[in-house]
Amino acid sequence: MKRLRFSAATSHTALCSISLILAGFLKPLSCCADSASLSGDWPTYGNGQAHSGYFPGTVNGLPFVYKWKAPMPNSHINQAAIGGGRVFVTTGWYYGAMSLIALDAGTGQPLWTNYLGNPYAINPPTYDQGSVYVQQSDDFSPRVFSFDAATGATNWSTSYRAQAHAYMAPIVAGGTLFTGTGLYVDLAGYNQASGALQFDVPLIGNGCSQWTPAYHGGEVYTWVNGFFSEHNPFTGSRNWTLTNATQNEFLYSMDRTLAVAGGRAYFTSTSKLMAVDLTLRQNLWSIDGPFSGTPAVANGRVYAISNGVVAAYTTDGASLSTFRGTNGSSFSGELIVTDDAFMVAGSYGVYVFKLSDASVQQYISSSRPYPPYAYYSSTISLANNTLYIASGDGNLYAHSAENLLKFTIDSTGGAYGSPSPDPYGANYVLANSTVTNTVTSPFAGLTGIRYVVTGWTGTGSVPPVGTGNAVRFLATNDSSLRWNWQTQYWLNASTVSSGWLNVTNDWFDAGTILSITATPSNYYHFVGWSNDLSGTSQTAQLVMNGPRQVTATFDANLVTNNVPQWWLAYYGIPTTDAGALADNDGDGFANWKEYRAGTDPTNAASALRLTMRRSYDQLILGWPSLYGQRYRLLFSTNLNDGFSIPFATNIYAYSSFTEYWFWPSTNQAFFRLQIE
């Protein structure tokens, strides 16, 4: 068999175009996929016994791409522990139903669930060598458990003394499980294999919850109630203690522990970030400021949450940089540091920062696109190129930075429609995953302008051509998608008077040439065009090179005395001058006068007559009227004198019957109604 040899300088891109025929079958290479270099489990808080928050490896500038979501039975989800290909989470809070759940790390499918009753609280799990350790606490039957990570079977459980305290995840080191217990505040050690109690010793100060010890260099360390202590790992006895805060400033909850690395311990009070030399057993330095949570330490830097942002220092306490969210997010909880990135959860989601310049590399929003449309708390863990997010919306999410393919989206014309879930630009998707992308179409532009997607063109895994505003494909290599947009303009077509057009108000593609014809109704004629058309020809050409408005004006055909033909036709009267001059109903009024009065020329009883009625002290004159016609009233106190006195003029008719109200000023009066 002929061998293929590749030099060390062979490029990634070159390899992507090669398939090898081995042992008589075709084996496709997945070398086009990019991956972070973050192998390893996440056994407990801070990624180990020392809680340093350091995860060795690099993100390589890649995003964490949504992989799966696992619904949980409760919205209170503790930080996940990952080991042996499984994810372990505890859920529940405050005397509610609590459980330990194991999921497949690759798919998020549930493997087993242990229900742990309704205690006061349950702490996050810790994984070590095939077992999962969980502690539940209340006033009655608090217990520490060890479960088989593969099956969920109970290895052992043991009770302990406690009040209703909540604790951070326990740690395992040297065959011993270390955790907080006690009616007030104790450090306890249990045999990892059997659960037998090895020691339970009180710490200094009053009762305090939400803490856990750390292990480094063969010793156990605690930071509780303002006292930093080193303990013998076999007896729990204190070797030495430093007082670095007052126990009163923590009230009843520490909500933090210490991070240990390189023979130094780093921890916070509410007003200081402190460092202790474990060999010299003395304080090294402290930095004033509002601090919260547990620091992280990696690669000669210390990271701590201060006033809602994360500040970075050298291990000697010199200020370096500040990590801030782009939306005012206030950070809290676990700090994770790799060799090129920094991760932290905030009030609006999870941030991944570049260590090189503290800029935001990725933001994963914690908002959900369904009611109540809120932002949810997040707790993060990192294992095997996957970022796990325990969300307050009741779900555990996995986002992977492994086997990613580039997916580039652009468009013709402009960036319209906001493609979802991946936006315009360079994106990454999981190799061998089903990818969908949609755009909103039509997309509104300026007034009278919109953009309509006509389909797409694609390369790689994306079909080469398609129609509609949605695409779906299986991602097997780097791909691109181009949404094709058509500009459309709105035509506002209207008429004045009676007639119609051969087009209606509608959207038309840019550049469309419309032939518009105006057709008058019977007894009408076309007058001309206005707005974006002009002239008197009944057919005109209109180019849709922008929003357009056209108006066709029609007018009635008239005979003598401006009587419209349509009016004569309505009453069955010849549409001629003679028809206008005739008196069809014989009431003494020619048809053209009946038109002016708004009366029926074929009904002698239909005439312009005044009526009068009284309402208290007012008189009301009324008459049948023609909408839009204007009338005037003449006044006289003596018929021999005629009607020369204008009583009211410019009376506008708003309906088929008009009334005029007034207070009479004489005992006798006569009125005449005229059309103006």
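This is a predicted model, so every value here is computed, not measured.

About the criteria used
Residues numbered from 1 in each chain as written. Predicted model: local features only at pLDDT ≥ 70, side-chain atom pairs only at ≥ 80, totals over all residues. Heavy atoms only, no water. Helix = DSSP H or I, 4+ residues; strand = E, 2+ residues; numbered from the N terminus. Buried < 20%, exposed > 50% of the residue type's maximum accessible area, 1.4 Å probe, protein only. Contact = heavy atoms within 4.5 Å. Phe/Tyr/Trp six-rings, centres within 6.5 Å; stacked < 30°, edge-to-face > 60°. Patch = residues over 30% accessible without salt bridge, like charges linked within 9 Å, V, L, I, M, F, W, Y side chains within 5 Å. Areas by Shrake-Rupley, 256 points an atom, 1.4 Å probe, with all protein chains shown as cover. Salt bridge = Lys/Arg side-chain N within 4 Å of Asp/Glu carboxyl O. Pairing = 2+ DSSP bridges. Axes fitted to C-alpha atoms, helices over the stretch in contact; angles between N-to-C directions. Polar contact = N/O pair within 3.5 Å; in protein donor to acceptor, adjacent residues only side chain to side chain.

**Remarks on the side chain of T44**
Here is step 1 of the chain: Structurally, T44 is set in the loop between β2 (25-27) and β3 (65-71).
Here is step 2 of the chain: With a relative accessible area of 5%, T44 lands in the buried category.
Here is step 3 of the chain: Leave out the neighbours within four places in its chain, and T44 touches Q49, P125, T126, A169 and P170.

**A short note on the packing of aromatic side chains**
Here is step 1 of the chain: Under the definition given, this model contains 48 aromatic pairs.
Here is step 2 of the chain: Geometrically, the ring pair formed by F407 and F473 is edge-to-face, given 5.3 Å between the ring centres and 65° between the ring planes. Highlighted residues: F407 in strand β36 (residues 404-411) and F473 in strand β42 (residues 470-474), separated in sequence by 66 residues.
Here is step 3 of the chain: The exposure class of F407 is buried, given its relative accessible area of 1%.

**Examining a nonpolar patch on the surface**
Here is step 1 of the chain: Where nonpolar side chains cluster on the molecular surface, the patch consists of W93, Y94 and Y95 and spans about 330 Å² of accessible area.
Here is step 2 of the chain: The class for Y94 is exposed, based on a relative accessible area of 53%.

**Notes on the pattern of salt bridges**
Here is step 1 of the chain: Within this structure, the stated rule accounts for 6 salt bridges.
Here is step 2 of the chain: Between D410 and R482 there is a salt bridge, with the nearest N and O atoms lying 2.8 Å from each other. Of this pair, D410 sits in strand β36 while R482 sits in strand β43 (residues 479-496), placing them 72 residues apart in sequence.
Here is step 3 of the chain: The class for D410 is partly exposed, based on a relative accessible area of 29%.
Here is step 4 of the chain: Accessibility expressed as a relative area gives 37% for R482, which makes it partly exposed.
Here is step 5 of the chain: A salt bridge links R613 to E659; its shortest N-O distance comes to 3.1 Å. Taken together, the residues R613 in strand β52 (residues 611-615) and E659 in strand β56 (residues 657-662) connect sequence positions 46 residues apart.
Here is step 6 of the chain: Classification of E659 by relative accessible area gives partly exposed; the value is 35%.

**Notes on the environment of T379**
Here is step 1 of the chain: Mapped onto the secondary structure, T379 falls in strand β33 (residues 378-383).
Here is step 2 of the chain: By relative accessible area, which is 28% here, T379 ends up partly exposed.
Here is step 3 of the chain: Considered as a pair, T379 and S391 are 12 residues apart in the sequence and their alpha carbons are 6.6 Å apart.
Here is step 4 of the chain: In contact with T379, not counting residues within four places along its chain, are Q79, Y388, I389 and A390.

**Quick word on the sheet that holds strand β27 (residues 309-314)**
Here is step 1 of the chain: Strand order across the open sheet formed by 4 strands is β25-β26-β27-β28, with antiparallel pairing between neighbours. At either margin of the open sheet sits one strand with a lone partner, and together these are β25 (291-298) and β28 (319-323). Each adjacent strand pair in this sheet contributes to an overall mean axis angle of 20°, direction not counted.
Here is step 2 of the chain: In terms of strand pairing, β25 meets strand β26 (residues 301-306) through 5 bridges, oriented antiparallel. By the bridge assignment, A298 is partnered in β26 with R301.

**So, the pairing of strand β11 (residues 143-148)**
Here is step 1 of the chain: Pairing of strand β10 (residues 131-137) with β11 involves 6 bridges; the strand directions are antiparallel. Following the sheet pairing, Q136 is matched in β11 by R143.
Here is step 2 of the chain: The antiparallel hairpin formed by β10 and β11 contains 5 residues in its connecting segment.
Here is step 3 of the chain: For β11 and strand β12 (residues 154-159), the ladder comprises 5 bridges, and the chain directions are antiparallel. Looking across to β12, one finds that V144 is bridged to T158.
Here is step 4 of the chain: Once β11 ends, the chain turns through 5 residues before running back antiparallel as β12, passing G152 with a positive phi of about 85°.

**Things to note about the side chain of T176**
Here is step 1 of the chain: For T176, the position within the fold is in strand β14 (residues 176-181).
Here is step 2 of the chain: Take T176: its relative accessible area is 5%, and that puts it in the buried class.
Here is step 3 of the chain: Side chain to side chain, T176 and Q198 meet in a polar contact 3.1 Å long.
Here is step 4 of the chain: Those residues in contact with T176 that sit more than four places away from it in its chain are I171, G189, Y190, Q192 and Q198.

**Here we look at the sheet that holds strand β55 (residues 645-652)**
Here is step 1 of the chain: An order of β55-β54-β57 is seen for the 3 strands of this open sheet, with the pairing classed as antiparallel. Only two strands of the sheet have a single neighbouring strand rather than two, namely β55 and β57 (670-675). Sheet twist, expressed as the average angle between the axes of neighbouring strands with direction ignored, equals 20°.
Here is step 2 of the chain: Where strand β54 (residues 630-636) meets β57, 6 bridges bridge the pair, whose relative direction is antiparallel. When the bridges of β57 are listed, S636 appears paired with F670.

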